[in-house]
Amino acid sequence: MTHLNIDFNPLTPELTEANKQGLDGVKAYLRAQTKGEIILNEAKLILVGEGEVGKTCLMDALLDKPFQTHDSTHGIEIQSFNVTTDTQTSITLNAWDFGGQRVYRPTHQLFFSSPAVYLVVWKPREGSQAGQVKEWIQIVRRREQTAKFIVVATHGGPQQRQPDIDRQELWDLFGKETVVDFFFVESKPDEQGNRKGIDELKRAIAQVAASLPEVGRSVPKSFADVRQALQDKGAPYLPLREVLDICRAHNMDDEIARLFITISHRLGHLTHYENDPTLRDIVILRPDWLATAMSYVLDDEATRAAHGLVKFSRLAQLWDDKNRAADSRYPATLHPIFLRLMERFDLSYRVADLTSRSDSDPISLIGQLVPDIRPQNISDAWKSSPASGDTTGDVEQTQICHIVDASNGQSASAEGLFYQLIVRLHKYSLGRADYNASVHWQRGLVLEDEYKSRAFLEHVGNDVRITVRSPYPEGLLGMLTREVKFLVESFWEGLRCDVMVPCVDPCGRNMPGTGLYNVSNLMESKREGESRYPCPVCNKWQNIDALLHNATAAQPDVTALIFSEFAEVKAQIENVRQQRLQIPNSGSAAQNNLGARTRLVNLAILTLHAPHSLPSGEDLHRPAANPHRRSQRRSAPVQFLPR
């Protein structure tokens with residue numbers, strides 16, 4: 001067999017991933033299956049919600065642990081327990097408890113996965129709006145559209161508010177297939193030792209988990225054996241060579257072993273970057289261990305006070321803090337790997353440091369901790385409007401990345417987008433040679449490419465407005481727009497990024513920029529021969545070329561100008577003719593003027609028949625005695641000189 005196409009068949013997740021490796025990957029997977037297979041009844045349970053709403057106490061209740069209060073969760077904590085379905089099938093749940101602090105959100109999205117059961121936890125005492133129930137469902141769905149949710153109210157108590165929540169609104173927004181059920185529970189036992197609603201919640205979780213495609217699937221027995229062997233190691237990470245040794249010990253050849261690692265990485269069982277020279281020799285077995293290490297940096301007061309700037313020596317102190325328990329400390333050999341992982345996840349980048357410590361103690365910027373207000377030097381880096389009489393030759397163009405929910409087209413937020421842009425685009429930062437020249441904040445940044453083209457990116461609502469000033473703005477503008485669109489649509493499965501351009505002319509509402517035009521629609525209309533497109537705000541028709549180039553339609557109308565000149569020339573011809581009748585041999589200047597104007601009349605006639613052959617303004621005033629010189633000159637933009 002040399003070719004196999006099974007792309008549109010209902011495949012198991014493992015076989016789907018093997019198919020992505022091509023025919024050899026499928027063959028390796030099937031060979032492994034012939035050596036025995038087992039049924040895995042295992043699912044992922046993820047607890048999300050704002051901070052201090054009782055997620056960790058709820059986890060204790062699900063695990064039947066004694067009630068106790070907890071400090072805020074750092075990063076992610078993972079624990080396992082079993083539930084039983086109505087058909088008495090036992091399912092193992094790997095429960096992930098995510099810290100609720102807002103600063104963690106961009107990091108935690110890296111670990112959201114589907115299929116999984118999500119518990120959105122909120123506190124009735126503060127209300128569902130304060131608990132941001134709807135927002136948490138949206139954040140998860142924009143990453144994983146097939147996620148299933150159970151909404152859980154905690155901390156009610158006899159003297160507290162009842163769990164009032166608009167269930168119908170959530171069902172109308174997301175559907176009952178997505179928001180499966182609502183529960184009100186007490187994580188703290190009453191005097192009889194009962195925890196209200198916990199048993200009912202467990203049964204509901206079991207039923208939802210049983211419906212996931214991951215549960216009850218067949219996998220090669222060797223895959224399950226190796227996974228168990230890795231778990232038994234109890235290590236948060238292992239060198240790649242040791243993982244391969246464990247695979248060989250379970251009768252996997254190297255080809256199947258590497259396929260196992262690739263599939264396990266893509267399914268979220270472990271983390272391995274096989275194509276990264278820095279990371280390919282390490283396999284991370286505990287994502288919670290990695291997320292917690294990142295959380296120590298995000299929570300560090302000194303790093304926050306420095307607006308995200310942190311020395312490597314400070315990171316080392318945070319990761320190996322002697323005041324923490326031994327299992328929460330990380331040896332020095334891991335610190336460079338952690339830093340590389342943070343860069344890999346678009347969380348940080350190494351800044352340009354002109355001091356002597358740049359090699360021995362480099363400085364990094366944590367994107368999520370940049371200032372929340374515009375820096376004072378913004379006016380030096382980007383003036384609110386180009387200076388009058390500007391002789392730089394810069395042209396200004398704007399495009400808007402309109403971010404919408406892919407399912408309904410409504411404006412939507414890409415949580416943490418700008419932090420990632422600050423890191424991903426740092427090679428264009430004004431501070432790439434000296435960090436002190438950087439201009440960025442939580443909702444904006446100023447960039448410059450190697451040709452001194454300058455760009456201003458800013459959040460406007462949920463959208464990203466990109467403006468470039470350059471003699472040729474299309475190059476940088478196109479690159480930045482593609483980068484934003486790719487990042488949004490590749491990272492957030494449930495979002496779409498529509499590229500828009502604003503109107504420049506005052507439209508029917510006399511407000512430039514009010515109407516936004518989808519670039520794809522403008523291009524399609526232009527392909528069909530249309531020259532104008534209606535404003536979505538006031539229905540006034542606008543010139544497509546002017547919209548695409550952000551050019552005002554108030555530029556001189558070539559045809560109208562020619563006819564205006566034609567009328568004036570006609571009058572001057574009659575005037576000069578009368579003068580020549582009176583003074584036959586005088587007025588060389590008048591004759592020259594007549595010759596120039598006569599050439600303009602001829603040009604008008606030619607233009608009306610062939611409008612695209614209009615010569616340059618320089619050619620309009622060139623004597624007709626040298627036609628060959630004119631044909632040899634490079635075409636220049638149309639210019640209209642004063643009469």
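Cut-offs used in this document
Along each chain, the written sequence defines residue order, and numbers are assigned to residues from 1. For a predicted model such as this one, the threshold for reporting local features is a pLDDT of at least 70, and the threshold for listing and counting side-chain atom pairs is 80 or more; totals across whole chains, interfaces and linings nevertheless cover every residue. Side-chain measures were taken over the full set of non-hydrogen atoms in the model, leaving aside hydrogen atoms and water. Put simply, buried Ala, Val, Leu, Ile, Met, Phe, Trp, Tyr and Cys residues joined by side-chain atoms within 4.5 Å make one nonpolar core. Exposure categories follow from relative accessible area, calculated using a 1.4 Å probe and restricted to protein chains: below 20% of the type maximum is buried, above 50% is exposed, and the middle band is partly exposed. Under the scheme used here, helices are H or I runs from DSSP no shorter than 4 residues and strands are E runs no shorter than 2 residues, and both carry numbers assigned from the N terminus. When checking whether two residues touch, look at their non-hydrogen atoms; a contact exists if any pair is within 4.5 Å. Here an angle of 0 to 180 degrees is reported between the N-to-C directions of two axes, which are lines fitted to C-alpha atoms, with helices fitted over the stretch in contact. Angles are sorted into four bins: roughly parallel if under 35 degrees, roughly antiparallel if over 145, roughly perpendicular if 65 to 115, and oblique for all others. With the far helix as reference, a near helix turned anticlockwise by less than a right angle produces a left-handed crossing, and one turned clockwise produces a right-handed crossing. What counts as a salt bridge is simple: a side-chain nitrogen of Lys or Arg found within 4 Å of a carboxyl oxygen of Asp or Glu. By the criterion applied in these results, polar contacts are pairs of N or O atoms within 3.5 Å in which, for protein atoms, one can donate a hydrogen and the other can accept it, and in which residues neighboring in sequence qualify only through two side-chain atoms. Scored from 0 to 100, pLDDT reflects the predictor's confidence in each residue. Any two strands are treated as partners once DSSP identifies two or more bridges connecting them.

A separate point is the nonpolar core. Counting residues in each nonpolar core, the largest one holds 55 residues, and the members touching the most others are Tyr 118, Ile 137, Leu 290 and Phe 338. In terms of residue count, the dominant contributor to this core is helix α12 (residues 287–298) (8 residues). When sequence neighbours within four positions are dropped, the list of residues in contact with Tyr 118 reads Ile 46, Val 48, Phe 112, Ser 113, Val 140, Glu 144, Ala 147, Lys 148, Phe 149 and Ile 150. Core analysis: the second largest hydrophobic core is formed by 34 residues, Val 423, Ala 455, Leu 477 and Val 484 among them.

Relative orientation and spacing of two packed helices are given, respectively, by the angle between their axes and the distance between those axes. It is the contact of α12 with helix α14 (residues 312–319), at a shortest axis distance of 9 Å, that shows an interaxial angle of 120°. Here α14 runs oblique to α12, going by the angle between their axes. Here the hand of the crossing between α12 and α14 comes out right-handed. Residues Ala 293, Tyr 296 and Val 297 of α12 lie in contact with α14, whose contacting residues are Leu 315, Leu 318 and Trp 319.

Below, the discussion takes up the pattern of salt bridges. Going through the model one piece at a time under the given rule, you end up with 24 salt bridges. Across the pair Lys 134 and Glu 169 runs a salt bridge whose closest N-O atoms are separated by 3.2 Å. Residue Lys 134 is found in helix α6 (residues 133–143), and its partner Glu 169 is found in helix α7 (residues 167–174); the two are separated by 35 residues along the sequence. A salt bridge links Asp 300 to Arg 314; the nearest nitrogen and oxygen atoms lie 2.6 Å apart. Placement of the pair is Asp 300 in the loop between α12 and α13 (301–305) and Arg 314 in helix α14, with a sequence separation of 14 residues. A relative accessible area of 7% places Asp 300 in the buried class. Judged by its relative accessible area of 29%, Arg 314 falls in the partly exposed class. By sharing partners, the salt bridges in this structure join Glu 50, Arg 102, Arg 105 and Glu 415 into a single network.

Before going further, it helps to examine the environment of Phe 112. For Phe 112, the position within the fold is in the loop between α4 (105–108) and β5 (117–122). Taking C-alpha positions, Phe 112 is 7.1 Å from Val 140, a pair spaced 28 residues apart along the chain. Beyond its immediate sequence surroundings of up to four residues, Phe 112 is in contact with Val 48, Phe 98, Tyr 118, Trp 136, Ile 139, Val 140, Arg 143 and Glu 144.

Turning to the side chain of Thr 107, a few remarks are in order. Residue placement: Thr 107 occurs in helix α4. A polar atom in the side chain of Thr 107 sits 3.2 Å from the side chain of Gln 368. Thr 107 has contacts with Met 294, Leu 298, Leu 347 and Gln 368, leaving out every residue within four places of it along the chain.

Bringing the confidence of the model for the protein into the picture now. Mean pLDDT for the protein: 80, with 78% of residues reaching 70 or above. Note that residues 553–561 has pLDDT below 50 and, in this model, 7 contacts with residues that lie over four places away or in other chains. A low-confidence stretch, residues 603–643 (pLDDT under 50), is modelled with 32 contacts involving residues beyond four sequence positions or located in other chains.

Taken together, the 7 strands give an open sheet; going across it, the order is β15-β16-β17-β18-β14-β19-β20, and neighbouring strands pair in antiparallel fashion. Looking at which strands have only one partner, the edges of the open sheet turn out to be β15 (440–441) and β20 (516–518). Both β15 and strand β16 (residues 444–448) contribute to a ladder of 2 bridges, which runs antiparallel. Within the sheet, the bridge partner assigned to His 440 lies in β16 and is Leu 445.

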